[in-house]
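Residue-level structural notes
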Amino acid sequence: MALAHSLGFPRIGRDRELKKAQEAFWKGELDEAGLRAVGRELRARHWQVQKDAGIELLPVGDFAWYDGVLAHSLTFGVIPERFRPAGGKPTLQTLFAMARGVSSDACCGGAHAQEMTKWFDTNYHYLVPEFTADQQFALSWEQLFEEVAEAHALGHNVKPVVIGPLTYLWLGKLKGDAQGFDKLELLERLLPLYGQIFQRLAEQGVEWVQIDEPILVLDLPQDWKNAFERAYNLLQREPLKKLIATYFGGLEDNLGLAANLPVDGLHIDLVRAPEQYPTILDRLPAYKVLSLGVVNGRNVWRCDLEKALAVIGHAHSRLGERLWIAPSCSLLHSPVDLALEEGLDAELKSWLAFATQKCAEVAVLARAVNQPDAPEVHKALAESRAVQASRAASPRIHKPQVQARLAAVKAGDSQRRSPFAQRIAKQRIGLALPPFPTTTIGSFPQTSAIRLARQAFKQGKLSLGDYTDAMHSEIRHAVEIQERLGLDVLVHGEAERNDMVEYFAEQLDGYLFTRFGWVQSYGSRCVKPAIIYGDLSRPKAMTVEWIRYAQSLTGKVMKGMLTGPVTMLMWSFPREDVSRQVQARQLALALRDEVVDLEAAGIKVIQIDEAAFREGLPLRQAGWQAYLDWATEAFRLCASGVRDETQIHTHMCYSEFNDVIESIAAMDADVITIETSRSDMELLDAFEAFEYPNEIGPGVYDIHSPRVPDTAEMVKLMRKAVRRIPAERLWVNPDCGLKTRGWAETEAALINMVAAARQLRRELA
Ligand code: GLN
Ligand code: ZN
């Protein structure tokens, strides 16, 4: 009998109960008992939902306050000095302090939160464990054991889930004086903790534990590969049957290593890396369970059951009882329950599956090999076949015009008419900007008045006329301030935009939206990505009227503002029936029309934001170049419809460019604005070493904090920039958009920024 299991279920709740409870707790509106009760109810509900769907072995340990990696840090006692509770055991307060920091107005000086970063190539963020060279580990948090007891009390058959020792160490960072120390040396100290945990779980009557080691899908240094063998040879002595779970990619060169670790089972992701099957069968020892991840845990589409069954059926004939069936990865990355989407068009809805539905898909696949003649199996397969057929033929998805246009794209379409040197000469004449021109990244403070107006308009409580008036008045306000402050290239402020992706997605054909399709991004923060379901096109201009209005208010240059094709794609749920490249190029053509229309409306500078460009990089280096090639081409296709005189900007808010600098240059934007202030301009090293050819605005102040930096500080940063990049190619701007800031600090910071530019002009120009 093949077994249906789940690697993890979303913890937020179908109504985002966990978000709401945590936020209420932080505000003091809910006490700890109330918060814990919400957690308990969610866990109980999620086990029941999975069980009802037909999952036989339920995950425990997938629930977490704030973040699951953080829960492991507490479990192991990896609590930075600044949060260590005086004398006692850590509490929920300790946990939330590590996640959110402690403000410095508190009596004791405050402490900054642990760093947060992306979980592999997902949009989930985890809290980076902080190690020291003298790090000690001690079992310090009882949550996993308590939750196992809780599940047992409810009569569930459970499989605790832990992050494996190698992946946990890999995700952490050494802090303090750790010169020459290799964090892998901590492994020997950490392993006994796993032993203790497994002992405790065994005492609780647990049979299987799932050990997540997703780093096995990465390019691993040899010493880490060796460490895998060492670690699991040692853990072999400890109780419990162990299933090592890998996901987000293929094992590739680590396949032999993973297959032969002395554990009882291996899970692989056949959605992201279907080519691992059947190779794995030849490498897997005859005693081992093989868990096949065939239902996509990262997307919202219904599984093609027949396609999955082709693989599973074969595996079952080879493995029999040793076959387990699962989602590709934890369902943390998919929305909770499609049943809530009552308003959704019935046909579109029939194509989708969220976490709850995915559990049922896993279960029916197991059933299909165990009891192929069961009527439910026939029904499910017939339904799945009908869904696949309806999608394959749907005119709502397949648009001949979009496809024909894409097919007709020529190489020259993704190239500006002249090289940068010629363009910039024409642009300088047309724009007549001073040296060190000042600008901002696009958004201005999103006040509650703005949000209320947008909301009222959406709900039909504000007429289009009144809404337009309200937005115009915001634009006037933004323009007046920028003129008063003496900025050189102005922006309209993005008051009409809820979100940089959703705003455009809502205006494009081929996107659909859910009402409750929330996915945890970090802590209590959830996002509701738009879904690309069909060929993408732009029915009509999206931003032109707003920007034209803004330009009409000023004699200064007004910058048009768009989100680029790669970012649109990365922050949406993509289609699975065509490649990401095709979707990016369709988006590029749709946005290209907007760029051209902005130019026709008299806009001389157009910024195309690509905040997600770098995060699209595949996990394995072998895939990088292919990605960078199509991502770069998509950007250029979007940007190249305009005359030489029109200046194209792009913006990327992060600080890791070394790996991708050549592709950034190949995007050929006339100006790029980037985040540099927090790294003290260090990242400009990448731009120097490679001799980045075009203009750059290295952010001179951090917009993530309300702090107003003074002029001298910004001048100092720019002087550093001047040492690496010729002064005539530098712009002066903040790190990113200002929408999360208040007006008071924004004005104060921009006054100082303009003063800094003026000082630089006097000093250096
Ligand atoms: N133009 C956007 C803004 O200013 C850019 C946001 C971003 O890069 N994340 O808000
Ligand atoms: Zn940004």
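Residues numbered from 1 in each chain as written. Chains lettered and ligands numbered in written order. Predicted model: local features only at pLDDT ≥ 70, side-chain atom pairs only at ≥ 80, totals over all residues. Heavy atoms only, no water.

A look at the sheet that holds strand β1 (residues 3-4)
To keep things clear, this is the line we draw: A pair of strands is treated as paired once DSSP finds two or more bridges between them. Helix and strand assignments come from DSSP, with helices taken as H or I runs of at least 4 residues and strands as E runs of at least 2, each series counted from the N terminus.
With parallel pairing, the eight strands of this open sheet are ordered in space as β1-β12-β11-β10-β9-β8-β6-β2. Whereas interior strands pair on both sides, the edge strands pair on one side only; in this sheet they are β1 and β2 (58-60). Sheet analysis places β1 next to strand β12 (residues 323-327), joined by two bridges and oriented parallel. Considered in β12, the bridge of L3 is made with W324.

So, the site of ligand 1
Condition: Distances are taken per atom, and a residue is near a molecule or strand as soon as one of its heavy atoms is within 4 Å of it. In the analysis that follows, any N or O atom pair within 3.5 Å is treated as a polar contact, provided that within protein one partner can donate a hydrogen and the other can accept it, and provided that, for residues neighboring in sequence, both atoms belong to side chains. The Shrake-Rupley method, run with a 1.4 Å probe sphere, supplies the accessible areas, and residue values consider only the shown protein chains as cover. Under the convention adopted here, Pro, Cys and the residues Ala, Val, Leu, Ile, Met, Phe, Trp and Tyr are nonpolar, Asp, Glu, Lys and Arg are charged, and Gly plus all remaining residues are polar.
Taken together, I441, G442, S443, E494, M500, M561, D609, A611, H651, C653, C736 and G737 make up the full set of residues adjacent to ligand 1. The contact in question runs from an oxygen atom of ligand 1 to an N or O atom on the side chain of S443, over 2.7 Å. At 3.1 Å from an oxygen atom of ligand 1 is found a side-chain nitrogen or oxygen belonging to H651. In isolation ligand 1 offers 290 Å² of accessible surface; the protein chains occlude 92% of this area. Partitioned by chemical class, the residues of the shell around ligand 1 number six nonpolar, four polar and two charged.

Some thoughts on the pattern of salt bridges
Two side chains of opposite charge can pair, provided their charged atoms sit close to one another. Stated precisely, the cut-off is as follows: By definition here, a salt bridge exists when the distance from a side-chain nitrogen of Lys or Arg to a carboxyl oxygen of Asp or Glu is within 4 Å. Residue burial is assigned from relative accessible area. The probe radius is 1.4 Å, only protein chains are included, and a residue is buried under 20% of its type maximum, exposed over 50%, and partly exposed in between.
Evaluated as defined, the whole model comprises 50 salt bridges. E383 is the salt-bridge partner of K379, the closest N and O atoms lying 3.9 Å from each other. Of this pair, K379 and E383 both sit in helix α14 (residues 375-393), four residues apart, roughly one helical turn. Looking at E383, the relative accessible area reads 37%, which means it is partly exposed. Here E633 and R585 are joined by a salt bridge, their closest N and O atoms 3.0 Å apart.

Focus on the nonpolar core
Selection criterion: In plain words, nonpolar cores are sets of buried Ala, Val, Leu, Ile, Met, Phe, Trp, Tyr and Cys residues tied together by side-chain atoms within 4.5 Å. Whether two residues are in contact is decided by their heavy atoms: any pair within 4.5 Å suffices.
Counting residues in each nonpolar core, the largest one holds 109 residues, and the members touching the most others are W119, L166, Y232, I325 and L365. Dropping the residues within four chain positions of it, L166 is found in contact with L184, L187, E213, I215, W224, A227, F228, A231 and Y232. Grouped together as the second largest cluster of nonpolar side chains are 108 residues, M568, L569, A590 and F613 included.

What to know about the UniProt feature "binding site: 5-methyltetrahydropteroyltri-L-glutamate" (unreviewed entry) in the protein chain
Stated formally: UniProt positions are given in the numbering used here, feature names are shortened, and annotations may be inferred rather than shown by experiment.
Here, UniProt's "binding site: 5-methyltetrahydropteroyltri-L-glutamate" (unreviewed entry) annotation points to R16, E17, L18, K19, K118, N123, R525, C526, W571 and E615. What stands out for the annotated residues spanning 600 residues is how far apart their C-alpha atoms range, the widest pair being 29.2 Å apart. The residue K118 is located in strand β3 (residues 116-118) in this model. Among all residues touching K118, those that are not within four sequence positions of it are N123, Y124, H125, Y126 and E615.

Comments concerning empty space enclosed by the protein
Going by this rule: Here a cavity denotes grid points, spaced 1 Å and computed from the protein atoms alone, that fit a 1.4 Å probe unable to get out, and a pocket denotes an open set having protein on both sides within 12 Å along at least 5 of 7 lines; residues with an atom within 4 Å of a point are the lining. Grid points are joined across faces, edges and corners, and a volume is the space filled by probe spheres set on the points.
Applying the stated rule across the entire model yields seven cavities of 30 Å³ or more. Lining the largest cavity we find 21 residues, and of these R11, W119, I163, D212 and L332 sit closest to its centre. For the lining of the largest cavity, the elements supplying multiple residues, two or more each, are α3 (68-75) and β6 (158-163). For the lining of the largest cavity, a count of residues per class yields 11 nonpolar, six polar and four charged. Lining the second largest cavity are 14 residues, with G61, A71, H72, T75 and L144 positioned closest to its centre. Sorting the residues of the lining of the second largest cavity by element identifies α3, α5 (143-153), β6 and α7 (187-203) as the ones contributing at least two each. Split by residue class, the lining of the second largest cavity holds nine nonpolar, four polar and one charged.

Some thoughts on the UniProt feature "active site" (unreviewed entry) in the protein chain
The sites that carry the UniProt feature "active site" (unreviewed entry) are, in the present numbering, H704. Residues in contact with H704, not counting those within four places in the same chain, are E675, R678 and R741. A distance of 2.7 Å separates a polar atom in the side chain of H704 from a polar atom in the side chain of D702.

Observations regarding the packing of helix α1 (residues 17-26) against helix α4 (residues 92-100)
Put simply, the rule reads: Throughout, an axis means a line fitted to C-alpha atoms (over the contacting stretch in the case of helices), and angles, computed between N-to-C directions, take values from 0 to 180 degrees. In what follows, roughly perpendicular refers to angles from 65 to 115 degrees, roughly parallel to angles under 35, roughly antiparallel to angles over 145, and oblique to any angle outside these ranges.
α4 packs onto α1 with a crossing angle of 95 degrees between their chain directions and a minimal axis gap of 12 Å. One way to sum up the angle between α1 and α4 is to call them roughly perpendicular. Along the contact surface, α1 presents Q22, F25 and W26, while α4 presents Q93, F96 and R100. The residue makeup of the contact of α1 with α4, split by class, is three nonpolar, two polar and one charged.

Section: the sheet that holds strand β19 (residues 605-609)
On the basis of which strands lie adjacent, the open sheet formed by six strands has the order β13-β18-β19-β20-β21-β22 and parallel pairing. One side of each edge strand has no neighbouring strand; the edge strands of this open sheet are β13 (489-490) and β22 (695-698). Pairing between β19 and strand β20 (residues 647-652): five bridges, direction parallel. What sits directly across from Q607, in β20, is H649.

A few points about the packing of aromatic side chains
Aromatic rings in a pair are described by how distant their centres are and how their planes are angled relative to each other. The test is simple: Stacked, tilted and edge-to-face are the three classes applied to pairs of Phe, Tyr and Trp rings, where Trp contributes its six-membered ring and a pair requires centres within 6.5 Å; stacked means planes under 30 degrees apart, edge-to-face means over 60, and tilted covers the rest. Two conditions define a charge located above a ring, namely a distance within 6 Å from the ring centre to NZ of Lys or CZ of Arg, and an angle within 35 degrees of the ring normal.
In this structure the tally under the stated criterion is 23 aromatic pairs. Centre to centre, the rings of F120 and F248 are 5.7 Å apart; their planes meet at 50 degrees, and the pair counts as tilted. Residue F120 is found in the loop between β3 and β4 (125-127), and its partner F248 is found in the loop between β9 (241-245) and α9 (255-260); the two are separated by 128 residues along the sequence. Its relative accessible area of 12% is what places F120 among the buried residues. Counting every residue linked through ring pairs, the aromatic cluster contains F76, F131, Y168, Y194 and F198. In this structure, R43 packs its charged tip against the face of F63, placed 4.6 Å from the ring centre.

Details of the packing of α1 against helix α2 (residues 32-53)
Closest axis-to-axis distance for the α1/α2 pair is 9 Å, and the angle between their directions is 170 degrees. By the angle between their directions, the pair α1 and α2 is classed as roughly antiparallel. Each of E17, L18, A21, Q22 and F25 in α1 lies in contact with α2, whose residues at this interface are E32, L35, V38, L42 and R45. Looking at the contact of α1 with α2 residue by residue, the classes come out as six nonpolar, one polar and three charged.

Details of the coordination of the zinc ion (ligand 2)
The condition is simple: Keep in mind that water is not among the atoms, so a site may look incomplete; donors are the N, O and S atoms within 2.8 Å of the metal, or 3.2 Å for Na, K and Ca.
Listed as protein donors to the zinc ion (ligand 2) are H651 (NE2), C653 (SG) and C736 (SG); their distances from the metal cover 2.0 to 2.3 Å. Counting the intervening residues between successive donors of the zinc ion (ligand 2) yields the motif H-x1-C-x82-C. Taken together, the positions of H651 in strand β20 and C736 in the loop between α26 (711-724) and α27 (743-764) put the pair 85 residues apart, joining distant regions of the chain. Take H651: its relative accessible area is 3%, and that puts it in the buried class. What makes C736 buried here is its relative accessible area of 18%.

As for α3
Counting buried residues along α3, eight of its eight residues qualify, which places the element largely inside the surrounding structure. In this structure, the buried residues of α3 make contact with α4, β4, α5, β6, α6 (165-171) and α7. The residue sitting at the N-terminus of α3 and contributing the capping side-chain oxygen is D67; that oxygen lies 3.3 Å from the backbone nitrogen of V69. Following α3 by one or two positions, G77 has its phi on the positive side, about 75 degrees.

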